[in-house]
Amino acid sequence: MSTAVVTIAHGRHEHLAIQRASLALGDRLPDLTVVVAMDDDPPVPDLPGIETRVLHLPADPRGLPLARARNTGVAEAVRLGAEALVLLDVDLLAGPGLVAAYADVVARDPAGLWSGPVTYLPPAPAAGYDLGALERLDDPHPARPAPAPGELEHDASPDLFWSLSFATSAATWERIGGFCEDYVGYGGEDTDFARLAVARGVRLGWVGSARGFHQHHPTQDPPRQHVDDVLRNGALFRRRWGWWPMTGWLEAFEAEGLVVRAGDGWARA
C-alpha cells in the first residue's frame, strides 16, 4: 500500500527540517511526502529515495487556510497514487514506528480514521532533540487516549480527535469529504472533520504504535492571539452542528475580559 505523509507549514522552518529527519529514521519510510506551504517558501530537505512535492497556497486575509491546505496536500498525494494518508502537524516528530504503524492499520482497516498518541516535548537542548532517543521521552498527553504500543483503541470519541497526527485511507478520506474549507485560521476544523467522519459512518480509533513527539515552541494559554479565529470558527461550527466548541478557551477569554456571552454564543468584548 503506497503511503504518503502530508504536512502543512507556515514558518517554523527548523521544525519542518527536523520532522523530515525523523521520518528518514523511521522503521518504514513513506513512499511520498507532500508539504503545503501557506504564505511561505520554506526550504524542504530532500529525503533520499522518497518523492517529495511542495505546494504553495496564499494566505487568506482572515488567517492561514489550514483546512484548505490539508485538502490540497491530500489531493496531490492521492493524484500521485497514495492509498494510505498520514497527516502530521509541522511540529510533530515521527517516532520510529509511526509511519509503519499507520500504514499497517490503514491496510487492515481502511474504513477507519486513526490517531496516534503524542508526547509534548520540553524545550530542545542546545544540541537539539536526539532523534535516536525520542522513545525515552515518551509521555503521551493525558487528555487523549494513549494505548500501549501494539494496542488499538476502537470507537473513540470524535471530540478527542486532533490533526497533530492521524491517518486514513484515500477511500475513507473521500467518504468523509475532507476538511470544511469555510474554517480559516485557528480552531474548530478538527472537531468538525471528526463529526463529519461519524456522520458518514466512519469509526475513529487510536494506534498505540504510532507514537509522535510535539516539538516545543512558545505559546499562549489561552491562545489570546487567536481570539478572533476562535470566535469566527466557533460560530461557524455552531451553525453546522448546533453547539459551540472550544468552550474552555472561550470561558478563559471571558474571564480575562476578551469576550462576552451574546445570546447563545460569544462575541468580542
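What this report covers is the structure whose coordinates are included nearby.

Calculation rules
Residues numbered from 1 in each chain as written. Predicted model: local features only at pLDDT ≥ 70, side-chain atom pairs only at ≥ 80, totals over all residues. Heavy atoms only, no water. Axes fitted to C-alpha atoms, helices over the stretch in contact; angles between N-to-C directions. Helix = DSSP H or I, 4+ residues; strand = E, 2+ residues; numbered from the N terminus. Parallel < 35°, antiparallel > 145°, perpendicular 65-115°, else oblique. Left-handed = near helix turned anticlockwise from the far one by under 90°. Contact = heavy atoms within 4.5 Å. Phe/Tyr/Trp six-rings, centres within 6.5 Å; stacked < 30°, edge-to-face > 60°. Buried < 20%, exposed > 50% of the residue type's maximum accessible area, 1.4 Å probe, protein only. Pairing = 2+ DSSP bridges. Right-handed = clockwise from strand over helix to strand, strands pointing away. Core = buried A, V, L, I, M, F, W, Y, C linked by side-chain atoms within 4.5 Å.

1. Section: the packing of helix α6 (residues 227-241) against helix α7 (residues 247-255)
Part 1 of the argument: The contact between α6 and α7 brings their axes to 11 Å, and the two run at 130 degrees. As summarised for this structure, α6 and α7 are arranged oblique, according to the angle between their axes. The chirality of how α6 crosses α7 is left-handed. Only Trp 249, Leu 250 and Phe 253 of α7 make contact with α6, whose side of the interface consists of Val 227, Val 230 and Leu 231.

2. Here we look at the packing of aromatic side chains
Part 1 of the argument: If you walk through the whole model with that rule in mind, you get eleven aromatic pairs.
Part 2 of the argument: Centre to centre, the rings of Phe 161 and Phe 193 are 5.6 Å apart; their planes meet at 40 degrees, and the pair counts as tilted. Note that Phe 161 is positioned in the loop between β8 (152-153) and β9 (165-169) and Phe 193 in helix α5 (residues 189-199), a separation of 32 residues in sequence. With respect to class, Phe 161 is no different from Phe 193; both count as buried.
Part 3 of the argument: Judged by centre distance (6.1 Å) and plane angle (55 degrees), the rings of Trp 162 and Trp 206 are tilted. Of this pair, Trp 162 sits in the loop between β8 and β9 while Trp 206 sits in strand β10 (residues 203-207), and the two are 44 residues apart along the sequence.

3. A short note on the pairing of strand β1 (residues 3-9)
Part 1 of the argument: Burial within β1 is extensive, with seven of its seven residues counted as buried.
Part 2 of the argument: Bridge analysis of β1 against strand β4 (residues 84-89) gives six bridges, and the strand direction is parallel. Across the sheet, Ala 4 pairs through a bridge with Leu 85, a residue of β4.
Part 3 of the argument: Inspection of the sheet shows β1 paired to strand β2 (residues 32-38) by six bridges, in the parallel sense. Within the sheet, the bridge partner assigned to Thr 7 lies in β2 and is Val 35.
Part 4 of the argument: Taking the sense of rotation as the criterion, the β-α-β connection linking β1, helix α1 (residues 13-24) and β2 turns out right-handed.

4. Some thoughts on the nonpolar core
Part 1 of the argument: Counting residues in hydrophobic clusters, the biggest one holds 54 residues, and the most contacted among them are Leu 98 and Leu 113.
Part 2 of the argument: Counting residues per element, this core draws most heavily on helix α3 (residues 98-108), at six residues.
Part 3 of the argument: Those residues in contact with Leu 113 that sit more than four places away from it in its chain are Phe 161, Phe 166, Ala 167, Thr 168, Ile 176, Phe 193, Ala 197, Val 202, Arg 203, Leu 204 and Gly 205.

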